[in-house]
Amino acid sequence: MPITDDLFASEPITLVDVQLPLALDKSYAYSVPEGMSLSAGDFVLVPLGQRKEIGVIWDHETGHPSKAKPFDKSKLKAVLAKLDVPPLPEVSRKFVSWVARYNLMPIGMVLKMVMSTPQAFEPAKPRYGVRWTYQAPDRRTQGRDKVLQVLKDDKIWLKKELADAAAVGTGVIDGLVKAGTLILVEIPASASAQPKPEFITPHFSDDQNQVVQILRGAVQTRSYSTTLLDGVTGAGKTEVYFEAVAQALSQGQQVLIMLPEIALTSGFISRFERRFGVKPVEWHSTVSAGARARIWRSVLSGEAKAVIGARSGLFLPFQNLGLIVVDEEHDTAFKQEDRVTYQGRDMAVVRALLGQIPIILASATPSIESYVNVRQGRYRHAQLTQRFSGYALPDLSAIDLRKHPPEKGQWLSPVLREAMKETLARTEQSLLFLNRRGYAPLTLCRACGHRFDCPQCTAWLVHHHRRHRLQCHHCGFSTPLPKKCPKCETENALVPCGPGVERVAEEVEAVFPDARVALLSSDLAPNVQALREVLRNVAEGDADIVIGTQIVAKGHNFPRLTCVGVVDGDLGLAQGGDPRAGERTFQLLQQVTGRAGRFCDYGRGFIQTYLPEHPVMQALISGDRDAFLEHEINMRHLAGLPPFGRMASLIVSSKVRDMAYEFARLLALKAPAAQTIQLLGPVEAPISVIRGRHRFRLLLKSARDTDIQEYLRVWLEGMCNPHGDVKLNIDIDPYNFL
């Protein structure tokens with residue numbers, strides 16, 4: 001906000017604090033030119049050194065007063081221009097400050113996430129679409145006929161939108177423009193269709209209707225509340241929380257729905273369109289720069305009413321946000337670990353609190369944190385205990401691989417093969433799940449024992465058979481698969497060890513040669529659209545056996561799917577030192593087996609395991625989720641682990657191992673003594689080298705009521721900055737222990 005300062009001047013100088021979207025934890029003072037009126041939240045262009053930057057007028061009330069020192073009037077620089085963009089809302093500024101303080105990140109880096117679309121600050125460029133002239137083309141082709149079948153009324157189509165709807169190339173559209181059947185028209189800036197809350201009237205079961213009333217009531221109050229929508233797979237959670245969305249829209253408010261894998265959920269977009277008559281606004285990394293700029297501006301103006309976004313959608317500058325929904329709230333994809341570290345689900349709750357609006361956390365397998373918050377009265381609990389279809393949950397069985405092992409060199413137990421054979425005979429779908437990309441996780445030489453490691457990481461290179469390459473999944477290093485061992489030069493001696501989804505697909509194709517096999521893995525499709533196409537084909541029944549990584553567990557509905565097999569149920573349990581390993585494994589396996597039998601009266605799930613007696617396996621097979629949650633909660637409570645305690649991770653890294661270790665050791669020595677805080681380390685991280693940088697970890701563990709951020713601030717203020725290429729990364733509430 002404007003202030004005055006007369007330390008070096010006889011007349012008042014109007015000053016403003018400007019926060020810049022840079023790795024800075026302070027704002028800068030600038031003078032306001034005569035005749036320019038500025039207020040908190042305004043976007044301005046200011047000089048910084050020899051360049052110009054766009055910043056935001058900050059104020060003291062948002063929790064980040066200027067740290068500028070008294071200055072000489074002659075050195076004061078002036079704001080260059082006020083941008084023709086609506087101001088950043090106060091709640092967004094408060095949110096930026098809160099996220100920065102909590103996660104110990106420079107406030108400028110958090111603001112950068114809000115201002116992630118530079119084109120939004122440039123004058124909007126006109127957009128052109130096509131409209132039907134009702135004139136038939138002089139020449140008819142199959143492609144043109146497809147377009148004519150789609151055209152209706154005077155709707156303005158984007159070229160690509162019309163081409164996609166008609167399943168033709170954009171060249172067909174250009175041809176129809178030349179023929180006079182379509183004309184080019186400018187699309188008005190406010191031409192986006194608005195979702196209609198009353199587009200259809202859904203029908204709900206008694207169980208669902210009770211939850212609908214709870215969620216609608218939460219939105220009607222126009223105040224803060226957090227509700228955990230806890231429903232079994234197939235219970236219709238999406239359709240139920242759509243009614244809360246409809247309530248917010250009918251009140252003229254904006255809505256944000258956060259999904260862990262927005263780029264892959266074309267089915268969700270279709271469900272939204274069926275309910276509200278139009279597609280929602282999509283916000284994720286694959287949206288083009290021009291579209292992102294238009295979306296950003298429409299969110300800030302309040303025109304965009306319903307946004308479906310990845311975790312970054314949380315930092316959009318909503319003008320009138322009335323509801324947040326976090327779908328699959330347990331999913332670890334909501335945790336960001338690069339640049340600014342934050343837990344998207346938890347920050348979404350903070351955003352709702354600051355804006356005094358309701359938030360819904362939806363999941364079939366709620367996180368321990370959310371479940372404990374329900375028990376302690378912080379969150380409401382809305383439960384859906386039955387599938388909407390009325391069909392029962394799938395019958396789950398553990399296949400003890402000690403008793404029913406696969407054939408030598410194979411990965412599927414005879415028990416699972418027989419179940420798949422029966423499913424094929426009924427012309428239904430089977431799904432095989434293995435959370436491991438590629439063909440094999442390790443390749444070695446059987447002559448000398450040489451193992452192929454990444455030259456930049458302490459990790460094995462993954463064999464990708466279809467691309468004939470070895471690749472590191474940590475740094476991206478890739479090299480062609482050699483014909484001979486680079487160490488002993490023996491030819492034809494390289495052996496893949498262990499299965500990936502490609503190797504499982506190879507076995508399936510050999511055992512079931514007549515089956516149509518679909519392989520779903522993020523590294524096999526050239527782009528997101530290709531993955532969406534495969535998922536759509538699977539849902540339409542164009543595959544008999546689906547093999548995939550965790551992509552297949554992300555809320556998809558496959559009507560013909562009745563049999564699910566987990567190839568390696570023990571894989572996630574082997575992550576030593578990760579307090580959430582059991583919880584993650586339970587959630588992932590319950591989600592993926594829950595895909596079976598959603599649209600029929602039977603479904604079967606099989607989990608191949610060497611540990612059928614493990615508590616996770618016992619809970620899955622018995623269907624006693626609450627018993628598993630009680631077991632996990634008691635273990636964490638006794639150990640003082642989240643949510644009953646707090647944790648922070650510090651990773652020191654350098655290209656020189658000794659430099660990383662020395663700084664980590666010095667860091668530990670300078671740690672202030674505190675009775676409620678335990679410091680562990682420094683020790684080498686489990687993956688000790690990533691991208692050529694040696695890594696040492698320190699872990700803080702404290703009581704729940706400890707202000708761990710303030711402890712870290714005091715500790716780090718007493719430290720000199722890392723020298724050389726030594727870097728220090730801080731992660732509050734860590735999820736990754738590698």
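That block above? That's the structure.
Owing to the predicted nature of the structure, the values given are computational and were not obtained by experimental measurement.

Student: How would you summarise the sheet that holds strand 23 (residues 478–480) if you had to cite specific residues and measurements?
Tutor: Taken together, the three strands give an open sheet; going across it, the order is 21-22-23, and neighbouring strands pair in antiparallel fashion. One side of each edge strand has no neighbouring strand; the edge strands of this open sheet are strand 21 (462–464) and strand 23. Neighbouring strand axes in the sheet, compared pairwise and without regard to direction, differ in orientation by 25° on average. The pairing of strand 21 with strand 22 (residues 469–471) spans three bridges and is classified as antiparallel. What sits directly across from V462, in strand 22, is Q471.

Student: Outline the packing of aromatic side chains, supporting the account with residue identities and numerical values.
Tutor: Each aromatic ring pair is characterised by the separation of its centres together with the angle its planes make. One pass over the structure, following the stated rule, counts 15 aromatic pairs. With 4.6 Å between their ring centres and 40° between their planes, F272 and F276 make a pair best called tilted. Of this pair, F272 and F276 are both found in helix 8 (residues 266–276), four residues apart, which corresponds to roughly one turn of the helix. Comparing F272 with F276, the two get one shared label, buried. Plain terms: the ring middles of F586 and F628 are 4.4 Å apart, the flat faces sit at 20° to each other, and that makes the pair stacked. Residue F586 is located in helix 15 (residues 581–593), and its partner F628 is located in helix 17 (residues 625–639); the two are separated by 42 residues in the primary sequence. Given a relative accessible area of 2%, F586 falls into the buried group. An aromatic cluster of three or more residues is present, and its members are Y241, F242, F268, F272 and F276.

Student: I'd like a rundown of the pattern of salt bridges, residues and numbers included.
Tutor: In this structure the tally under the stated criterion is 33 salt bridges. Between R584 and D578 there is a salt bridge, and its shortest N-O distance comes to 2.8 Å. Overlapping salt bridges, with partners in common, bring together E369, R580, E583 and R636 in one network.

Student: Explain the nonpolar core to me, using residue names and the numbers behind them.
Tutor: Counting residues in each nonpolar core, the largest one holds 75 residues, and the members touching the most others are F43 and I324. Discounting chain neighbours no more than four positions away, the residues touching I324 are L256, M258, L314, A348, R351, A352, I357, P358, I359 and I360. In terms of nonpolar packing, the next biggest core, distinct from the first, is built from 32 residues, I368, V372, A553 and V564 among them.

Student: Which residues make up the sheet that holds strand 32 (residues 727–732), and what values go with them?
Tutor: Overall, antiparallel pairing links the four strands, which are arranged 30-31-29-32 in an open sheet. The sheet is open, and its two borders are formed by strand 30 (677–690) and strand 32, each paired with just one other strand. Recorded for the sheet is a direction-independent mean angle of 20° between the axes of neighbouring strands. Two strands pair when backbone bridges link them, and strand 30 and strand 31 (residues 693–703) are joined in this way by eight bridges, in the antiparallel orientation. Bridge pairing in strand 31 links V689 to H694. Running at roughly 20° to strand 31, helix 18 (residues 657–669) makes contact with strand 29 (645–654), strand 30, strand 31 and strand 32 of the sheet.

Reading the values: the criteria
- Residues numbered from 1 in each chain as written.
- Predicted model: local features only at pLDDT ≥ 70, side-chain atom pairs only at ≥ 80, totals over all residues.
- Heavy atoms only, no water.
- Pairing = 2+ DSSP bridges.
- Helix = DSSP H or I, 4+ residues; strand = E, 2+ residues; numbered from the N terminus.
- Axes fitted to C-alpha atoms, helices over the stretch in contact; angles between N-to-C directions.
- Phe/Tyr/Trp six-rings, centres within 6.5 Å; stacked < 30°, edge-to-face > 60°.
- Buried < 20%, exposed > 50% of the residue type's maximum accessible area, 1.4 Å probe, protein only.
- Salt bridge = Lys/Arg side-chain N within 4 Å of Asp/Glu carboxyl O.
- Core = buried A, V, L, I, M, F, W, Y, C linked by side-chain atoms within 4.5 Å.
- Contact = heavy atoms within 4.5 Å.

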